[in-house]
Amino acid sequence: MALDRIRKRPEDHAGANLDDYERCAASFSWTQARSLLDGLPGGGLNIAHEAVDRHVQAGRGGKLALRWIGRDDQIRDFSYADLAAQTSRFANVLAQFGVGKGERVYSLLGRSPELYIAALGTLKNGSVFSPLFSAFGPEPIKARMSIGGAKVLITSEAFYLRKVEPWRKELDSLALVLLTECSGNPPTATVDLAAVMTAASETFETVRTEPEDMALVHFTSGTTGRPKGAVHVHEAVVAHHITGRFALDLHADDIFWCTADPGWITGTSYGIVSPLTNGATMIVDQAEFDAERWYRILQDQKVTVWYTAPTAIRMLMKAGAQIPKRFDLSRLRFISSVGEPLNPEAVVWGVEAFGKPIHDNWWQTETGGIMISNYPAMDVKPGSMGRPLPGITAGIVERRNGEICEIDKPMAMGELALRPGWPSMMRAYLHEEERYRKCFAGGWYLTGDLAMRDADGYYWFVGRSDDVIKSAGHLVGPFEVESALMEHPAVAEVGVIGLPDPAAGEMVKAYVALKEGFEANELLRKELLGHARKRLGPAVAPKDIAFRQNLPKTRSGKIMRRLLKARELGLPEGDISTLESEER
Ligand code: PRX
């Protein structure tokens, strides 16, 4: 079914928070958005207070905040009052161990209740929370913890022994390791979290943080160099709150399921903060994707707003549109997706499977919250990311004679840019002043994405302007993968690119040139795949490796990933004037 516009009727958006895009965008102010939140006495602001304690103090403590569904279907419920108590306990634990304001607390956990409690408890204590994805291997974990100067790590005993203990001594800053799922006596220099939580008090006065105090560090990847720690401050909560209202249409009576893992920013901004500040009930599923299970959760938990990702939607599509028909999904009011291009077919499939379109939206780790979106009260153009949030000015720009200029022509391609100044914008890349500065020019924040804007103001994603790979919605930096492979004694050179993949969007593939004396064979290929997986973990490691005698390089010796990709896909090679001649 080809559809260029899915029209919205008034009954499709009755009661929507954003009922008239033009009017709302014209009258919006961030000051007004801030007034929807409490703040701390004397002008302070703290994300955890806005997410949890504010509701308890207003008499809403009995409301269900978090329903956690275990792998084995066990359910654990936390009211807002329970969350307030548990997060206070966690904050007390940190305080007892001398962890102070601004100090870095990392998590390496699956989607367990402790992760949510630790995130909010850390913020209550005025410390900075940095979640790591549990499918990372030791290398990405070590890199991110050392860049951020981790003082505390909360992780499971099994993850600790496998992924952290072997190199722990190299990280001087790490003073405290809190373990979940302890099997008995905790290993040397670690603490059993459950034991100290039980002993801690349930009351804690939220540490006074200022709006510009650092709250969260989320790591992201660039084309080159080490991972980048994007710094977000407590003021970001203003954007988390209002974008949840506008782009996800969150209301206090919603049952909201964000399927993202808090190891990535979507799972924090919208898997913890936004639903809670909006007073909704959030669902967390510990298990990995399974089509039947997901439909069952939507049905049994009476989910009303669902925020997921294109890779998951493609997997549901593969399982067929008949399966959802077997479930009662009548409570589902709004479906939204983020993280990678959502194909028009997927939007239309939503109509077939759920009777409503899937609403795409766009943002980045750096922007901290949704910037461009489709809204309940706005027609959907399948394939478009939608229009800027109220309060956000977007543009398509290009560099002309060294200057950044806006392109006004409809459907002209350029770099997607945003006017800085919204509350959840990153404030820095940790210790990377130069890389941060390079993100801005001509009064714009340059996103690194190529896009177009049509005559109606809808934005269309074209691609990345760099070599970063998007696999199953997760950003993978090719340099991080190349560095891990280079550590293998057989590897002389390596180039890593993303190749189109029908399920994951892109698949990480490495091209390896071997050192003298090593033979390219299947055994070595498997060994290299295993080596990369062990160091990087399944979320980052290449899925495939090919041997090449020579890799295309610039005269200055840089591997031309773009050319590698063009050759692999049989695409035009573009400008190859800098290619080293003998390698052509
Ligand atoms: O390239 C864009 C892609 O994901 C990048 C941001 O990735 P990350 O920092 O991991 O962000 C996580 C929060 C979403 C963007 O620069 N991207 C994100 N949303 C979309 C998208 N590409 C196409 N369509 C989208 N809706």
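About the thresholds
Residues numbered from 1 in each chain as written. Predicted model: local features only at pLDDT ≥ 70, side-chain atom pairs only at ≥ 80, totals over all residues. Heavy atoms only, no water. Core = buried A, V, L, I, M, F, W, Y, C linked by side-chain atoms within 4.5 Å. Buried < 20%, exposed > 50% of the residue type's maximum accessible area, 1.4 Å probe, protein only. Helix = DSSP H or I, 4+ residues; strand = E, 2+ residues; numbered from the N terminus. Contact = heavy atoms within 4.5 Å. Phe/Tyr/Trp six-rings, centres within 6.5 Å; stacked < 30°, edge-to-face > 60°. Lys NZ or Arg CZ within 6 Å of the ring centre and 35° of its normal. Near = heavy atom within 4 Å. Polar contact = N/O pair within 3.5 Å; in protein donor to acceptor, adjacent residues only side chain to side chain. Areas by Shrake-Rupley, 256 points an atom, 1.4 Å probe, with all protein chains shown as cover. Nonpolar A, V, L, I, M, F, W, Y, C, P; charged D, E, K, R; others polar. Pairing = 2+ DSSP bridges. Axes fitted to C-alpha atoms, helices over the stretch in contact; angles between N-to-C directions. 1 Å grid on protein atoms, 1.4 Å probe; cavity = no way out; pocket = protein on both sides within 12 Å on 5 of 7 lines; lining within 4 Å. Points joined across faces, edges and corners; volume = space filled by probe spheres on them. Domains from an automatic or database assignment. Salt bridge = Lys/Arg side-chain N within 4 Å of Asp/Glu carboxyl O. Parallel < 35°, antiparallel > 145°, perpendicular 65-115°, else oblique. Left-handed = near helix turned anticlockwise from the far one by under 90°.

### Overview of the nonpolar core
Right, so step 1: Counting residues in each nonpolar core, the largest one holds 91 residues, and the members touching the most others are Phe90, Leu178, Leu276, Tyr307, Trp363 and Leu416.
Right, so step 2: Element by element, the count of residues in this core is highest for helix α5 (residues 113-124), at seven residues.
Right, so step 3: One finds Val128, Leu132, Ala150 and Val508 within the second-largest nonpolar core, a separate group that totals 46 residues.

### Here we look at the side chain of Ser130
Right, so step 1: Along the chain, Ser130 falls in strand β4 (residues 128-132).
Right, so step 2: Every residue in contact with Ser130, bar those within four places of it in the chain, is listed here: Val105, Tyr106, Ser107, Val217 and Phe219.

### Side note on the packing of aromatic side chains
Ring pairs (aromatic) are described by centroid distance and by the angle formed between their planes.
Right, so step 1: As enumerated under the stated definition, the model contains 21 aromatic pairs in all.
Right, so step 2: Ring centres 6.5 Å apart and planes at 70° place the aromatic pair Trp422 and Tyr445 in the edge-to-face group. Of the two residues, Trp422 sits in the loop between β19 (414-418) and β20 (428-429) while Tyr445 sits in strand β22 (residues 444-453), which places them 23 residues apart along the sequence.
Right, so step 3: For Trp422, a relative accessible area of 3% corresponds to the buried category.
Right, so step 4: Through pairs of rings, three or more aromatic residues link up here, namely Trp257, Phe289, Trp294, Tyr295, Trp306, Phe327, Trp349 and Phe354.
Right, so step 5: Over the ring of Phe159 we find Lys163, and its NZ or CZ is 4.7 Å from the ring centre.
Right, so step 6: The ring of Tyr458 has Lys381 sitting right over it, with the charged end atom 4.5 Å from the ring centre.

### A short note on the site of the ligand
Right, so step 1: The environment of the ligand is made up of 18 residues, and the closest members are Asp360, Asn361, Thr365, Asp449 and Arg464.
Right, so step 2: In the model, a nitrogen atom of the ligand is placed 2.7 Å from a nitrogen or oxygen of the Asn361 main chain.
Right, so step 3: For the ligand, whose accessible area on its own is 540 Å², the fraction buried by protein is 97%.
Right, so step 4: Secondary structure elements with two or more residues in the shell around the ligand: α10 (265-277), β14 (358-362) and β23 (459-464).
Right, so step 5: When residues of the shell around the ligand are assigned to their parent elements, the largest contribution, three residues, is made by β14.
Right, so step 6: Looking at side-chain class alone, the shell around the ligand contains eight nonpolar, five polar and five charged residues.

### What about the sheet that holds β14?
Right, so step 1: The strand order across the open sheet built from nine strands is β2-β1-β11-β10-β12-β13-β14-β15-β16, with neighbouring strands paired in mixed fashion. Every interior strand has two partners, whereas the edge strands, β2 (75-79) and β16 (387-388), have only one.
Right, so step 2: Bridge analysis of strand β10 (residues 255-258) against strand β12 (residues 305-308) gives three bridges, and the strand direction is parallel. Pairing of Cys258 across the sheet is with Tyr307, part of β12.
Right, so step 3: The strands touched by α5 within the sheet are β1 (64-69), β2 and β11 (281-285), with β2 carrying the most contacts at an inclination of about 20°.
Right, so step 4: Strands β1, β10, β11 and β12 of the sheet are contacted by helix α11 (residues 291-300), whose axis makes an angle of about 160° with β11.

### Section: the layout of surface pockets
Right, so step 1: Put simply, the second largest pocket is a space of about 330 Å³.
Right, so step 2: If you trace the second largest pocket, you find 21 residues lining it, with Lys8, Asp12, His13, Arg333 and Lys356 closest to the centre.
Right, so step 3: Here the lining of the second largest pocket is composed, by residue class, of eight nonpolar, five polar and eight charged.

### What to know about the domain arrangement of the chain
Right, so step 1: Each domain of the chain was delimited in the assignment, giving domain 1 (10-453) and domain 2 (466-582).
Right, so step 2: Residue-level contacts link 21 residues of domain 1 with 26 residues of domain 2.
Right, so step 3: On inspection of domain 1 and its partner domain 2, the count reaches two salt bridges.
Right, so step 4: For Glu480, the salt bridge identified is with Arg144, shortest N-O distance 2.7 Å.
Right, so step 5: There are 10 residue pairs in polar contact (both at pLDDT 80 or more) connecting domain 1 and domain 2.
Right, so step 6: At the level of secondary structure, the elements contributing two or more residues to the side of domain 1 that touches domain 2 comprise α6 (138-148) and α12 (310-319).

### Examining empty space enclosed by the protein
Right, so step 1: Across all of its chains, the model carries one cavity of 30 Å³ or more by this definition.
Right, so step 2: Estimates place the volume of the largest cavity at around 40 Å³.
Right, so step 3: No fewer than three residues from each of domain 1 (10-453) and domain 2 (466-582) sit in the lining of the largest cavity.

### Section: the packing of helix α16 (residues 478-486) against helix α17 (residues 522-536)
The geometry of a pair of packed helices is captured by two quantities: the angle between their axes and the separation between those axes.
Right, so step 1: Where α16 meets α17, the closest approach of the two axes is 9 Å, and the angle between their N-to-C directions is 120°. Between α16 and α17, the angle falls in the class oblique. Where α16 crosses over α17, the two elements pack in a sense that is right-handed. Residues Glu480, Val481, Ala484 and Leu485 of α16 form the contact with α17, whose participating residues are Leu528, His531, Ala532 and Leu536.
Right, so step 2: Within the contact of α16 with α17, the residues separate by chemical class into six nonpolar, one polar and one charged.

### Quick notes on the environment of Lys509
Right, so step 1: Relative to the helices and strands, Lys509 is located in strand β27 (residues 505-514).
Right, so step 2: In this structure, the C-alpha to C-alpha distance between Lys509 and Asp213, residues 296 residues apart in sequence, is 40 Å.
Right, so step 3: Look past the residues within four positions of Lys509 in its chain and what remains in contact with it is Gly495, Val496, Ile497, Leu499, Asp544, Ala546 and Glu568.

### Quick notes on the pairing of β14
Right, so step 1: For β14, a buried count of five out of five residues is recorded, marking the element as mostly surrounded by other parts of the structure.
Right, so step 2: Along β14, one buried face is formed by Ile358, Asp360 and Trp362 and the opposite face, lined by His359 and Asn361, is buried too.
Right, so step 3: Relative to β14, strand β13 (residues 334-338) runs parallel, the two sharing four bridges. In the sheet register, Ile335 faces β14, and the bridge partner there is Ile358.
Right, so step 4: Examined bridge by bridge, β14 and strand β15 (residues 372-373) share two bridges and lie antiparallel to one another. Paired with Asn361 across the two strands is Ser373, which belongs to β15.

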